[in-house]
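Overview (structure and organization)
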Amino acid sequence: MLTITREFRFDAAHRLFLNGLTDRENRDIFGQCSKLHGHTYRLRVTVSGRVHPNGMILDFTDLKQIVDEKIIARYDHAFLNEWDEYRDQPTTVENMCLHIFKVLFPCFEALGAVLTRVQICETPDAWATVTPDV
Ligand SMILES: Nc1nc2c(c(=O)[nH]1)N=C([C@H](O)[C@H](O)COP(=O)(O)OP(=O)(O)OP(=O)(O)O)CN2
Ligand SMILES: [Zn+2]
């Protein structure tokens, strides 16, 4: 399969916790990550589709515009826990990937491309990846 990928970066703060638990209980589960801290996240977005006569699946500029508008504008320099999508679930890279995939999929579908992978790196050596169900 032929795909194209663009990488984005955003800085955001978060803390990992479960609603309804005490600070002590959250600290037992999430350790230091239950305290407020931040990351420079790297987000990789991959799409596939047919190669158009211009030689492109999708212009990287259009890909960037969509991701900037739908994701980066909301998440860069944000406190992630404040967003509705994380009201009832922790701001792990797993949940972030699942949410971003859900948001972006229809945007690329409207342009005739298929979102095939979303990957978020929280640190240089820890990340999550989501691909569509087959
Ligand atoms: N499966 C997941 N595990 C963890 C996540 C996650 O999103 N998914 N997130 C965190 C925290 O956000 C934490 O900030 C991760 O930072 P990290 O530096 O990796 O923390 P560590 O203590 O594990 O690494 P050190 O290199 O020892 O500082 C935690 N887990
Ligand atoms: Zn963290």
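For the structure itself, look to the data block above.
This section reports on the structure supplied with the text.

The rules behind these values
- Along each chain, residue indices are assigned from 1 in the same order as the chain's sequence is written.
- Whichever chain is written first is A, and whichever ligand is written first is 1; the rest continue in order.
- Local features in this predicted model are restricted to residues whose pLDDT is 70 or higher, and side-chain atom pairs enter the listing and the counts only when it is 80 or higher, whereas totals over whole chains, interfaces and linings include all residues.
- Note on pairing: two strands pair once DSSP finds at least 2 bridges between them.
- What counts as a helix is a DSSP run of H or I of at least four residues, what counts as a strand is a run of E of at least two, and both are numbered from the N terminus.
- Whether two residues are in contact is decided by their C-beta atoms, placed from the backbone, lying within 7 Å.
- Axis angles are defined between N-to-C directions and span 0 to 180 degrees, where every axis is a line fitted to C-alpha atoms and, for a helix, only to the segment in contact.
- A set of buried residues drawn from Ala, Val, Leu, Ile, Met, Phe, Trp, Tyr and Cys, joined through C-beta atoms within 7 Å, is what defines a nonpolar core.
- Exposure is read from a count of other C-beta atoms within 10 Å of each residue's own; the residue is exposed at 12 or fewer, buried at 20 or more and partly exposed in between. C-beta atoms are placed from the backbone.

Next up on the list: the sheet that holds strand E4 (residues 114-123). In spatial order, the strands read E3-E1-E2-E4-E5; together these 5 strands make up an open sheet with mixed pairing. Edge positions in the sheet fall to strand E3 (78-79) and strand E5 (126-130), since each has one partner strand and no second. The pairing of strand E2 (residues 37-48) with E4 spans 7 bridges and is antiparallel. Paired with Val 45 across the two strands is Val 118, which belongs to E4. Sitting on the sheet, helix H2 (residues 60-75) is in contact with strand E1 (3-14), E2 and E3, with an inclination near 15° to E1. Those strands touched by helix H3 (residues 93-109) are E2, E4 and E5, and its axis lies near 150° from that of E4.

With that settled, the discussion passes to the pairing of E1. Relative to E2, E1 is paired through 12 bridges, and the arrangement is antiparallel. Directly across from Glu 7, in E2, lies its bridge partner Arg 44. Note: E1 against E3, 2 bridges, orientation parallel. Bridging across to E3, Ala 13 finds its partner in Phe 79.

For the rest of this paragraph, the subject is the nonpolar core. Formed by 23 residues in total, the largest nonpolar core has its most connected members in Leu 43, Val 45, Val 47, Leu 63, Cys 97 and Ile 120. Breaking this core down by element, the ones donating at least two residues are E1, E2, H2, H3 and E4. Residue contributions to this core peak at 5 residues, all from H3. Setting aside residues up to four positions removed in sequence, Leu 43 forms contacts with Phe 8, Phe 10, Ile 71 and Ile 120.

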